[in-house]
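# Observations on the three-dimensional arrangement
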Amino acid sequence: MDSLLEIRVLLDRHAREGTSETPVPGLTLYRASAPTEPMPIVYQPLLCLIVAGAKHAALGDRLFRYDAGKFLTVSVDLPVCGQVVEGPYAALSVALNPVKIARLVLEAPAQASPAASAGGLQVNEAGPDLVDAILRLVRLLDRPADIPVLAPMLEREVLWRLLQGPSGATVRQIGLAESRLSQVNRAIQWLQANFAAPMQVEDLARLAGMSPASFHRHFKAVTAMSPLQYQKQLRLQAARTLLLSQPGDVAGAGFTVGYDSASQFSREYARLFGAPPGRDAARLRAAPRAAFAVA
(Lines give C-alpha, C1' and ligand atoms only; values in the text may rest on other atoms or scores of the structure.)
Protein backbone atom coordinates (compact mmCIF):
# COMPACT_ATOMS: atom_id res chain seq x y z
CA MET A 1 0.00 0.00 0.00
CA ASP A 2 1.20 3.54 -0.79
CA SER A 3 2.56 5.23 2.37
CA LEU A 4 0.28 8.28 2.11
CA LEU A 5 -2.75 6.06 1.54
CA GLU A 6 -1.86 3.94 4.57
CA ILE A 7 -1.60 7.08 6.72
CA ARG A 8 -5.07 8.07 5.51
CA VAL A 9 -6.46 4.68 6.50
CA LEU A 10 -4.94 5.10 9.95
CA LEU A 11 -6.39 8.60 10.29
CA ASP A 12 -9.83 7.35 9.26
CA ARG A 13 -9.58 4.85 12.08
CA HIS A 14 -8.22 7.12 14.81
CA ALA A 15 -9.29 10.71 14.02
CA ARG A 16 -12.66 12.22 14.80
CA GLU A 17 -14.17 15.30 13.18
CA GLY A 18 -12.14 18.31 14.12
CA THR A 19 -8.94 17.96 16.14
CA SER A 20 -7.86 14.72 17.85
CA GLU A 21 -5.04 14.55 20.35
CA THR A 22 -3.28 11.17 20.42
CA PRO A 23 -1.32 9.10 22.94
CA VAL A 24 1.80 9.71 20.84
CA PRO A 25 3.43 12.85 22.32
CA GLY A 26 3.32 15.77 19.88
CA LEU A 27 1.17 13.96 17.29
CA THR A 28 -2.25 15.48 16.50
CA LEU A 29 -4.82 14.40 13.91
CA TYR A 30 -7.30 16.55 11.95
CA ARG A 31 -10.41 15.73 9.94
CA ALA A 32 -13.10 17.77 8.20
CA SER A 33 -15.79 16.00 6.23
CA ALA A 34 -16.57 19.10 4.15
CA PRO A 35 -15.17 22.56 3.39
CA THR A 36 -15.26 25.07 6.26
CA GLU A 37 -15.56 28.82 6.56
CA PRO A 38 -12.38 30.87 7.09
CA MET A 39 -11.36 30.66 10.73
CA PRO A 40 -8.52 32.48 12.54
CA ILE A 41 -6.13 30.24 14.44
CA VAL A 42 -2.66 30.61 15.91
CA TYR A 43 -0.31 28.03 14.44
CA GLN A 44 2.45 26.93 16.79
CA PRO A 45 5.75 25.45 15.54
CA LEU A 46 4.80 22.23 13.78
CA LEU A 47 5.11 20.00 10.76
CA CYS A 48 1.71 19.35 9.20
CA LEU A 49 1.30 16.65 6.53
CA ILE A 50 -1.84 16.86 4.41
CA VAL A 51 -3.22 13.42 3.61
CA ALA A 52 -6.47 14.29 1.80
CA GLY A 53 -8.36 17.38 0.69
CA ALA A 54 -6.99 20.91 0.52
CA LYS A 55 -6.76 24.00 2.68
CA HIS A 56 -5.91 27.70 2.39
CA ALA A 57 -4.02 29.66 5.05
CA ALA A 58 -3.82 33.46 4.89
CA LEU A 59 -0.82 34.98 6.65
CA GLY A 60 -0.71 38.75 6.41
CA ASP A 61 -1.12 39.49 2.72
CA ARG A 62 0.09 36.05 1.62
CA LEU A 63 -2.14 33.09 0.76
CA PHE A 64 -0.83 29.51 1.02
CA ARG A 65 -2.56 26.47 -0.49
CA TYR A 66 -1.67 22.98 0.58
CA ASP A 67 -3.21 19.68 -0.46
CA ALA A 68 -2.55 15.94 -0.29
CA GLY A 69 1.12 15.07 -0.43
CA LYS A 70 2.31 18.49 0.73
CA PHE A 71 3.57 19.47 4.13
CA LEU A 72 3.38 22.72 6.00
CA THR A 73 6.22 23.87 8.26
CA VAL A 74 5.57 26.53 10.89
CA SER A 75 8.63 27.76 12.76
CA VAL A 76 7.12 30.39 15.13
CA ASP A 77 3.68 31.15 16.55
CA LEU A 78 1.71 32.67 13.66
CA PRO A 79 -1.87 34.04 13.63
CA VAL A 80 -3.38 32.85 10.35
CA CYS A 81 -6.84 32.51 8.85
CA GLY A 82 -7.37 28.92 7.72
CA GLN A 83 -10.08 27.42 5.54
CA VAL A 84 -10.64 23.88 4.32
CA VAL A 85 -11.50 24.37 0.64
CA GLU A 86 -11.72 20.74 -0.47
CA GLY A 87 -13.09 17.87 1.56
CA PRO A 88 -12.96 15.39 2.96
CA TYR A 89 -9.85 16.84 4.58
CA ALA A 90 -7.37 14.81 6.63
CA ALA A 91 -4.04 15.88 8.05
CA LEU A 92 -1.71 15.35 10.97
CA SER A 93 0.86 17.45 12.76
CA VAL A 94 4.06 16.78 14.67
CA ALA A 95 5.14 19.44 17.15
CA LEU A 96 8.57 20.98 16.54
CA ASN A 97 10.41 21.03 19.86
CA PRO A 98 13.42 23.41 19.93
CA VAL A 99 15.41 21.27 22.39
CA LYS A 100 15.02 18.11 20.30
CA ILE A 101 15.92 19.99 17.14
CA ALA A 102 18.98 21.51 18.84
CA ARG A 103 20.24 18.04 19.78
CA LEU A 104 20.00 16.90 16.18
CA VAL A 105 21.66 20.08 14.91
CA LEU A 106 24.60 19.51 17.26
CA GLU A 107 25.03 15.97 15.96
CA ALA A 108 24.58 16.86 12.28
CA PRO A 109 27.46 17.85 10.00
CA ALA A 110 28.08 21.58 9.90
CA GLN A 111 25.92 23.38 7.34
CA ALA A 112 25.85 26.87 5.94
CA SER A 113 23.87 29.40 7.94
CA PRO A 114 20.25 29.58 6.75
CA ALA A 115 18.90 32.72 5.16
CA ALA A 116 17.73 35.18 7.79
CA SER A 117 14.72 36.13 5.68
CA ALA A 118 13.19 32.65 5.56
CA GLY A 119 9.45 32.85 6.19
CA GLY A 120 7.90 31.34 9.30
CA LEU A 121 5.38 29.36 7.20
CA GLN A 122 6.45 27.24 4.25
CA VAL A 123 4.70 24.67 2.02
CA ASN A 124 6.62 21.93 0.19
CA GLU A 125 6.11 18.54 -1.43
CA ALA A 126 6.65 15.70 1.04
CA GLY A 127 9.38 13.34 -0.08
CA PRO A 128 9.14 9.56 0.41
CA ASP A 129 11.68 9.46 3.26
CA LEU A 130 9.68 11.97 5.31
CA VAL A 131 6.32 10.30 4.56
CA ASP A 132 7.69 6.85 5.47
CA ALA A 133 9.05 8.16 8.78
CA ILE A 134 5.70 9.79 9.60
CA LEU A 135 3.87 6.57 8.66
CA ARG A 136 5.90 4.57 11.18
CA LEU A 137 5.09 7.14 13.86
CA VAL A 138 1.35 7.02 13.09
CA ARG A 139 1.35 3.19 13.10
CA LEU A 140 2.02 3.39 16.83
CA LEU A 141 -1.64 4.36 17.28
CA ASP A 142 -2.47 0.70 16.56
CA ARG A 143 0.18 -0.46 19.04
CA PRO A 144 -0.11 1.75 22.13
CA ALA A 145 2.17 -0.51 24.19
CA ASP A 146 5.04 0.42 21.82
CA ILE A 147 4.59 4.19 22.23
CA PRO A 148 6.84 4.79 25.29
CA VAL A 149 9.80 3.00 23.68
CA LEU A 150 9.45 3.69 19.96
CA ALA A 151 7.80 7.13 19.78
CA PRO A 152 10.92 9.10 20.80
CA MET A 153 13.05 7.30 18.20
CA LEU A 154 10.50 7.72 15.41
CA GLU A 155 9.92 11.38 16.27
CA ARG A 156 13.67 11.89 16.07
CA GLU A 157 13.70 10.33 12.58
CA VAL A 158 10.84 12.58 11.45
CA LEU A 159 12.72 15.66 12.67
CA TRP A 160 15.89 14.46 10.96
CA ARG A 161 14.11 13.94 7.63
CA LEU A 162 12.61 17.38 8.01
CA LEU A 163 16.03 18.93 8.61
CA GLN A 164 17.32 17.26 5.45
CA GLY A 165 14.43 18.54 3.32
CA PRO A 166 13.49 21.81 1.61
CA SER A 167 12.45 23.55 4.84
CA GLY A 168 15.45 22.25 6.78
CA ALA A 169 17.25 25.60 6.87
CA THR A 170 14.37 27.27 8.67
CA VAL A 171 13.71 24.32 10.99
CA ARG A 172 17.40 24.33 11.88
CA GLN A 173 17.04 27.89 13.13
CA ILE A 174 14.42 26.75 15.68
CA GLY A 175 17.16 24.89 17.53
CA LEU A 176 19.78 27.63 17.35
CA ALA A 177 19.48 29.99 20.33
CA GLU A 178 21.09 32.96 18.57
CA SER A 179 19.58 32.55 15.12
CA ARG A 180 17.58 35.42 13.70
CA LEU A 181 14.46 33.27 13.96
CA SER A 182 15.06 32.67 17.67
CA GLN A 183 15.68 36.36 18.23
CA VAL A 184 12.41 37.28 16.53
CA ASN A 185 10.69 34.52 18.49
CA ARG A 186 11.58 36.22 21.79
CA ALA A 187 9.49 39.17 20.72
CA ILE A 188 6.70 36.90 19.46
CA GLN A 189 6.53 35.11 22.80
CA TRP A 190 6.25 38.47 24.58
CA LEU A 191 3.45 39.53 22.26
CA GLN A 192 1.62 36.24 22.82
CA ALA A 193 1.77 36.71 26.59
CA ASN A 194 1.07 40.47 26.63
CA PHE A 195 -1.03 41.19 23.54
CA ALA A 196 -3.43 43.45 25.50
CA ALA A 197 -0.60 45.65 26.83
CA PRO A 198 0.76 48.76 25.08
CA MET A 199 3.66 47.90 22.79
CA GLN A 200 6.63 49.84 21.48
CA VAL A 201 8.63 48.41 18.58
CA GLU A 202 11.82 49.75 20.16
CA ASP A 203 11.18 47.66 23.30
CA LEU A 204 10.57 44.53 21.22
CA ALA A 205 13.74 45.18 19.22
CA ARG A 206 15.71 45.48 22.46
CA LEU A 207 14.21 42.19 23.68
CA ALA A 208 15.24 40.54 20.41
CA GLY A 209 18.74 42.02 20.57
CA MET A 210 18.41 43.94 17.29
CA SER A 211 18.24 47.51 16.11
CA PRO A 212 14.64 48.68 15.48
CA ALA A 213 15.17 48.75 11.70
CA SER A 214 16.73 45.28 11.61
CA PHE A 215 14.08 43.89 13.95
CA HIS A 216 11.21 45.26 11.87
CA ARG A 217 12.72 43.80 8.68
CA HIS A 218 13.31 40.34 10.14
CA PHE A 219 9.97 40.26 11.98
CA LYS A 220 8.08 40.96 8.76
CA ALA A 221 10.15 38.42 6.83
CA VAL A 222 9.22 35.71 9.34
CA THR A 223 5.57 36.61 10.03
CA ALA A 224 4.56 38.44 6.80
CA MET A 225 3.25 41.31 8.94
CA SER A 226 4.50 44.16 11.10
CA PRO A 227 4.65 43.82 14.93
CA LEU A 228 1.59 46.10 15.18
CA GLN A 229 -0.37 43.98 12.69
CA TYR A 230 0.67 40.82 14.55
CA GLN A 231 -0.55 42.27 17.86
CA LYS A 232 -3.83 43.31 16.24
CA GLN A 233 -4.43 39.77 14.94
CA LEU A 234 -3.86 38.33 18.42
CA ARG A 235 -6.19 40.89 20.01
CA LEU A 236 -9.03 40.29 17.56
CA GLN A 237 -8.76 36.50 17.78
CA ALA A 238 -8.87 36.72 21.59
CA ALA A 239 -11.88 39.05 21.42
CA ARG A 240 -13.74 36.63 19.18
CA THR A 241 -13.16 33.83 21.67
CA LEU A 242 -14.43 36.07 24.49
CA LEU A 243 -17.57 36.98 22.58
CA LEU A 244 -18.36 33.32 21.87
CA SER A 245 -18.07 32.43 25.57
CA GLN A 246 -19.50 35.68 27.02
CA PRO A 247 -22.06 37.05 24.52
CA GLY A 248 -23.42 40.57 24.72
CA ASP A 249 -20.57 42.69 26.04
CA VAL A 250 -18.96 43.83 22.80
CA ALA A 251 -17.30 46.94 24.23
CA GLY A 252 -16.04 44.98 27.23
CA ALA A 253 -14.41 42.40 24.97
CA GLY A 254 -12.61 45.16 23.08
CA PHE A 255 -11.32 46.79 26.24
CA THR A 256 -10.23 43.43 27.67
CA VAL A 257 -7.97 42.71 24.69
CA GLY A 258 -6.41 46.17 24.71
CA TYR A 259 -8.60 48.52 22.66
CA ASP A 260 -9.27 52.00 24.07
CA SER A 261 -11.86 52.85 21.43
CA ALA A 262 -15.01 50.76 20.98
CA SER A 263 -15.54 52.13 17.47
CA GLN A 264 -11.99 51.26 16.39
CA PHE A 265 -12.44 47.77 17.83
CA SER A 266 -15.70 47.20 15.93
CA ARG A 267 -14.22 48.58 12.72
CA GLU A 268 -11.08 46.42 12.81
CA TYR A 269 -13.04 43.35 13.94
CA ALA A 270 -15.44 43.68 10.99
CA ARG A 271 -12.54 44.17 8.59
CA LEU A 272 -10.95 40.88 9.73
CA PHE A 273 -14.03 38.70 10.27
CA GLY A 274 -16.46 40.19 7.74
CA ALA A 275 -19.12 41.33 10.23
CA PRO A 276 -19.37 43.50 13.37
CA PRO A 277 -18.50 41.73 16.65
CA GLY A 278 -22.02 41.10 17.95
CA ARG A 279 -23.39 39.87 14.64
CA ASP A 280 -20.36 37.64 13.95
CA ALA A 281 -20.51 36.00 17.40
CA ALA A 282 -24.27 35.40 17.07
CA ARG A 283 -23.75 33.75 13.67
CA LEU A 284 -21.07 31.43 15.04
CA ARG A 285 -23.19 30.43 18.02
CA ALA A 286 -26.15 29.69 15.73
CA ALA A 287 -24.01 27.56 13.39
CA PRO A 288 -21.28 25.83 15.45
CA ARG A 289 -19.72 24.30 12.34
CA ALA A 290 -18.84 27.81 11.15
CA ALA A 291 -16.41 28.04 14.06
CA PHE A 292 -14.77 24.73 13.19
CA ALA A 293 -11.00 25.08 12.72
CA VAL A 294 -8.38 22.48 11.88
CA ALA A 295 -4.67 22.77 11.18
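## Overview of the environment of Ala54
One can find Ala54 in strand β4 (residues 46-59). Sequence separation between Ala54 and Ile41 is 13 residues; the distance between their C-alpha atoms is 17 Å. The residues touching Ala54, leaving out its near neighbours within four places in the chain, are Arg65, Tyr66, Asp67, Gln83, Val84, Val85, Glu86 and Tyr89.

## Overview of the confidence of the model for the protein chain
Residues at a pLDDT of 70 or more form 93% of the protein chain, whose mean pLDDT is 91. No element of the protein chain has a lower mean pLDDT than helix α12 (residues 277-286), which averages 85, and none a higher one than helix α3 (residues 128-139), which averages 98. Note that residues 113-117 has pLDDT below 50 and, in this model, six contacts with residues that lie over four places away or in other chains.

## Regarding the packing of helix α6 (residues 180-193) against helix α7 (residues 201-208)
Here α6 crosses α7 at 130 degrees, and the two axes come no closer than 8 Å. Of the possible angle classes, the one that applies to α6 and α7 is oblique. Relative to α7, the crossing made by α6 is right-handed. Of the residues in α7, those touching α6 at Gln183, Arg186, Ala187, Trp190 and Leu191 are Leu204, Leu207 and Ala208. For the contact of α6 with α7, the per-class residue count stands at six nonpolar, one polar and one charged.

## Points about unusual backbone geometry
The bulk of non-glycine residues show a negative phi, and the bulk of peptide bonds are trans. Note that the residue after Gly87, namely Pro88, is joined by a cis bond; omega there is 0 degrees. Looking at the element boundaries, Pro88 is found in strand β7 (residues 78-95).

Rules used throughout
What you see as residue numbers is a count from 1 along each chain, following the sequence as written. For this predicted model, a pLDDT threshold of at least 70 governs which residues receive local features, and a threshold of 80 or more governs which side-chain atom pairs are given and counted, while totals over whole chains, interfaces and linings are taken from all residues. In computing side-chain values, all of the structure's heavy atoms are included and hydrogens and water are not. The helix count covers DSSP runs of H or I at least four residues long, the strand count covers runs of E at least two residues long, and both are numbered beginning at the N terminus. The contact definition used throughout considers only heavy atoms, calling two residues in contact when any of these lie within 4.5 Å. Each residue carries a pLDDT value, the predictor's own confidence for that position, ranging from 0 to 100. Lines fitted to C-alpha atoms define the axes here, with helix axes fitted over just the stretch in contact, and angles between the N-to-C directions of these axes take values from 0 to 180 degrees. The scheme is simple: roughly parallel for angles under 35 degrees, roughly antiparallel for over 145, roughly perpendicular for 65 to 115, oblique for anything else. In this scheme the crossing of two helices becomes right-handed for a clockwise turn of the near helix relative to the far one and left-handed for an anticlockwise turn of less than a right angle. Amino acids outside the nonpolar list (Ala, Val, Leu, Ile, Met, Phe, Trp, Tyr, Cys, Pro) and the charged list (Asp, Glu, Lys, Arg) are all regarded as polar, and Gly is one of them.

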